[in-house]
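# Report on the structure
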Amino acid sequence: MNKAVFKLLVDPLKQRPKVFLIAIATLLVATAAEVAGPFLVKIFIDDYLVPGNYASHLIATLAAVYVATVVVSGIGSYIQFRLFSGIALRIIADLRKKVFAHVLSLPMRWHDTSISGQTLSRITNDTESLLELYVSFLSSILTGLVLIIGILIGMALLDVQLMLVALGMIPAVLVLVYVYQKFSGKAVADVRARRAEQNVHISEAINGMSVLQAMHQTQRYGDAFSKVNEGQYDARMRIIRTSGLFLRPAMDMISTTVLATMILVFGFDVIGGVAEVGVLYAFVMYLGRFSEPLIEITQRFSLFQTAMVAGERVYNLLQQTAEDEGKDEQPIQDASITINQLTFAYKADRTVLHNLDIDIPQGKFIGLVGRTGSGKSTLLNLLLGHYPVQPGQIMIDGRPLNSLSEANRTQSIGLIPQEPFIKVGTLRENLVMDRDISEASLQKAIDQAQLRPLVNQLANGLDTELGEGGSDLSTGQRQLIAMARALAAEPKVLLLDEATASLDSQTEMLIQQALDAIKGEVTLIVVAHRLSTIRQADEIILLADGHIAERGLHQDLLTIPNGRYAKLYQYQAEEVELSA
Ligand code: ATP
Ligand code: MG
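Residues numbered from 1 in each chain as written. Chains lettered and ligands numbered in written order. Predicted model: local features only at pLDDT ≥ 70, side-chain atom pairs only at ≥ 80, totals over all residues. Heavy atoms only, no water.

So, on to the confidence of the model for the chain. Of the residues in the chain, 98% reach a pLDDT of 70 or more, and the chain-wide mean stands at 85. Across the chain, the element-wise mean pLDDT spans from 77 in helix 1 (residues 3–14) up to 94 in strand 11 (residues 539–544). (pLDDT = per-residue confidence, 0-100. Helix = DSSP H or I, 4+ residues; strand = E, 2+ residues; numbered from the N terminus.)

Structure below.
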């Protein structure tokens, strides 16, 4: 077994020594009671029944003890099953929480390259198979092993020779399991892989449903899914065939062989005159209970394989390290930003930003323009601290951005993203986002962001439940919500990424006025395709393929002969003229 996975599974057990020990103790008592049963029957047969000794009070005592063992083993089994299952469920619930919290803390860099369906599968399916392993290990395998050992001890006390015959069953079963694993192992791994694949298909289809339907891709997606589904069916059937063919009948054969050998050995004892009928009876009883846990254990072995794979994946996910967090809690004061020689690449082989130098004094308004893919959103991502910057530097307030704690950063730097995110919940929850925001700031932000008409229009105002992902809102309405959300925290730096692209001109103008009003207190960086939005900027920066191609005031940029900005402006002016 992989040492790391072992640690993942065993560590939580160590943290609950008390419950675990109580469960083990209960298990031992229950097993002892169960093993005692046949022993008592043997005493009854050999000491009372066969010699014709009918001492009634002794027999009555024997019967009472027998009943007691049945009761104790019954209650004990129930308690230990509950305790073990409880431990297993608790451990997995904790693990799931831990994995999800970990995923939330992983840097954007990690999320960029991971497939969401697979991550989903890690959190749900993989922890589920670890749960199965735990439950079956604790309540079946451990119990089974203890019972087997208990029965062997019981047998040894009765007749060592016969016990050795029964012991022969164990290597036979081990060989059987080995062969079984050889045949079923690949199928088991297949089932796993297919299930993860299915998850990827499903989450991709659900996320892109409107596009799939619009492009008539549903049939194709359905077909691809059913192929994976059929593959899973086949793999599962292969498992059933091997286990059905193999395990039960083969097991029965082994146990019948052992029984026959026992009777043979017992027969020689009879001839030798040393046999006691009660012993044979007890052995037959024991043997019946012996094969059950053995079968149980062997059948659980496929679980063991899948759980190992799952455990390894969960472990690897947990090994992904979160970004080293800055420690600086000193709040940002005046929010001046200095970007020094900043170069950045998502992937080593493709540089997205080249050697940027930008100086933004406090309260200034910077406009960012540039073609699709020129690196505007990337620059904003870096200003949010989503990615480590290297080489180069981003300083805020004269302090390196990454030295600030995450809480400090998110408190002071607000983003209104290109694609607004709406979470499941009420409008109020979407605006407050579990932050510490006063009602006054909230109301002010709603007015600034021109969200008031929407609030009034909704049936329950701020407490209206929004559809998943804001699917019952227009794109412009989602942008207004994102804007109010950012403004509510009263940030020192506000980043707008095409935040007004989907708004009508009038609403945009009102927002423009609101931004003008906070200008001076808040450092603004605004990405815009519509140049009218950034005309008033203190500096306009035009990015081309990650380089700063032009920079300056609106009027100055217009005077550059053959300048890109001037051309862009001209196009848009013509467009406006045309539409007029
Ligand atoms: P738009 O105007 O379309 O929003 P943009 O200027 O915001 O464009 P960016 O999103 O910054 O462009 O992308 C700049 C470049 O970085 C693009 O070439 C894009 O392919 C690449 N890129 C963006 N995000 C990632 C990512 N998460 N991983 C890898 N490459 C990325
Ligand atoms: Mg962008």
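To continue, consider the domain arrangement of the chain. Note: interface size is frequently given as the accessible area lost on complex formation between the parts. Examined at the domain level, the chain breaks down into domain 1 (3–318) and domain 2 (337–579). Placing the centre of domain 1 and that of domain 2 at their C-alpha centroids yields a distance of 57 Å. (Domains from an automatic or database assignment.)

Looking at the magnesium ion (ligand 2), one finds its protein donor set to be Ser377 (OG) and Gln418 (OE1), positioned 1.9 to 2.3 Å from the metal centre. Taken together, the positions of serine 377 in helix 12 (residues 376–383) and glutamine 418 in the loop between strand 6 (413–416) and strand 7 (425–426) put the pair 41 residues apart, joining distant regions of the chain. (Donors = N, O, S within 2.8 Å, 3.2 Å for Na, K, Ca; no water.)

This next bit is on the pattern of salt bridges. Scanning all chains against the criterion turns up 16 salt bridges. Between arginine 313 and aspartate 126 there is a salt bridge; the shortest N-O distance is 3.1 Å. Within this pair, whereas arginine 313 is found in helix 11 (residues 301–319), its partner aspartate 126 is found in helix 5 (residues 116–158), the two being separated by 187 residues in sequence. Its salt-bridge partner being aspartate 463, residue arginine 428 comes within 3.4 Å of it at the nearest N-O pair. Here arginine 428 is found in helix 14 (residues 427–432), whereas its partner aspartate 463 is found in the loop between helix 16 (452–457) and strand 8 (465–466), with 35 residues between them in sequence. A residue is classified by how much of its surface remains accessible, and arginine 428, at 26% relative accessible area, is partly exposed. (Salt bridge = Lys/Arg side-chain N within 4 Å of Asp/Glu carboxyl O. Buried < 20%, exposed > 50% of the residue type's maximum accessible area, 1.4 Å probe, protein only.)

So, about the packing of helix 5 against helix 7 (residues 169–207). The contact between helix 5 and helix 7 brings their axes to 10 Å, and the two run at 160°. The orientation of helix 5 with respect to helix 7, classified from their angle, is roughly antiparallel. Every pair of crossing elements has a handedness; the one defined by helix 5 and helix 7 is right-handed. Within the contact between the two elements, helix 5 uses Ser116, Gly117, Gln118, Leu120, Ser121, Asn125, Asp126, Ser129, Ile148 and Leu152 and helix 7 uses Ile170, Arg192, Arg195, Ala196, Asn199, Val200 and Ser203. Looking at the contact of helix 5 with helix 7, its residues break down into six nonpolar, eight polar and three charged. (Axes fitted to C-alpha atoms, helices over the stretch in contact; angles between N-to-C directions. Parallel < 35°, antiparallel > 145°, perpendicular 65-115°, else oblique. Left-handed = near helix turned anticlockwise from the far one by under 90°. Contact = heavy atoms within 4.5 Å. Nonpolar A, V, L, I, M, F, W, Y, C, P; charged D, E, K, R; others polar.)

Time to look at the packing of helix 1 against helix 5. The contact between helix 1 and helix 5 brings their axes to 12 Å, and the two run at 60°. On the basis of the axis angle, helix 1 is oblique to helix 5. Of the two elements, helix 1 crosses helix 5, and the hand of that crossing is right-handed. Between helix 1, through Leu8, Leu9, Val10, Pro12 and Leu13, and helix 5, the contact on the second element is made entirely by Leu130, Leu133 and Tyr134. Taken together, the residues of the contact of helix 1 with helix 5 break down into eight nonpolar, no polar and no charged.

A word on a nonpolar patch on the surface. Judged by side-chain polarity, Val67, Val71, Ile75, Tyr78 and Ile79 come together as a nonpolar surface patch covering roughly 450 Å² of accessible area. Mapped onto the fold, isoleucine 75 is located in helix 3 (residues 56–105). On the basis of relative accessibility, which here comes to 48%, the residue isoleucine 75 falls in the partly exposed class. (Patch = residues over 30% accessible without salt bridge, like charges linked within 9 Å, V, L, I, M, F, W, Y side chains within 5 Å. Areas by Shrake-Rupley, 256 points an atom, 1.4 Å probe, with all protein chains shown as cover.)

Around ligand 1, 15 residues are found, and the nearest of them are Arg350, Lys376, Ser377, Thr378 and Gln418. Contacts to ligand 1 include glycine 375, whose backbone N or O atom sits 3.0 Å from an oxygen atom. Glutamine 418 places a polar side-chain atom, nitrogen or oxygen, 2.7 Å from an oxygen atom of ligand 1. With the chains in place, 73% of the 630 Å² that ligand 1 exposes on its own is no longer accessible. Listed by contribution, the elements that provide at least two residues to the shell around ligand 1 are strand 1 (337–347), strand 2 (350–360) and helix 12. Here the shell around ligand 1 gets three residues from one element, more than from any other, and that element is helix 12. (Near = heavy atom within 4 Å. Polar contact = N/O pair within 3.5 Å; in protein donor to acceptor, adjacent residues only side chain to side chain.)

Strand order in the open sheet formed by four strands is 2-1-4-5, with antiparallel pairing between adjacent strands. In the strand order of this sheet, the two ends are held by strand 2 and strand 5 (399–400), each with one partner. (Pairing = 2+ DSSP bridges.)

Turning our eyes to something else, we now look at the sheet that holds strand 3 (residues 365–370). Taken in spatial order, the six strands of this open sheet run 6-9-10-3-11-12, and their pairing is mixed. Each edge of the sheet is formed by a strand with only one pairing partner; in this case those strands are strand 6 and strand 12 (547–552). In this sheet, adjacent strand axes meet at a mean angle of 15° when their direction is disregarded. Here strand 3 pairs with strand 10 (residues 523–527) via four bridges, running parallel. The partner of isoleucine 366 across the bridge, within strand 10, is isoleucine 525. With respect to the sheet, helix 20 (residues 564–579) is in contact with strand 3, strand 11 and strand 12, its orientation differing from that of strand 11 by roughly 95°.

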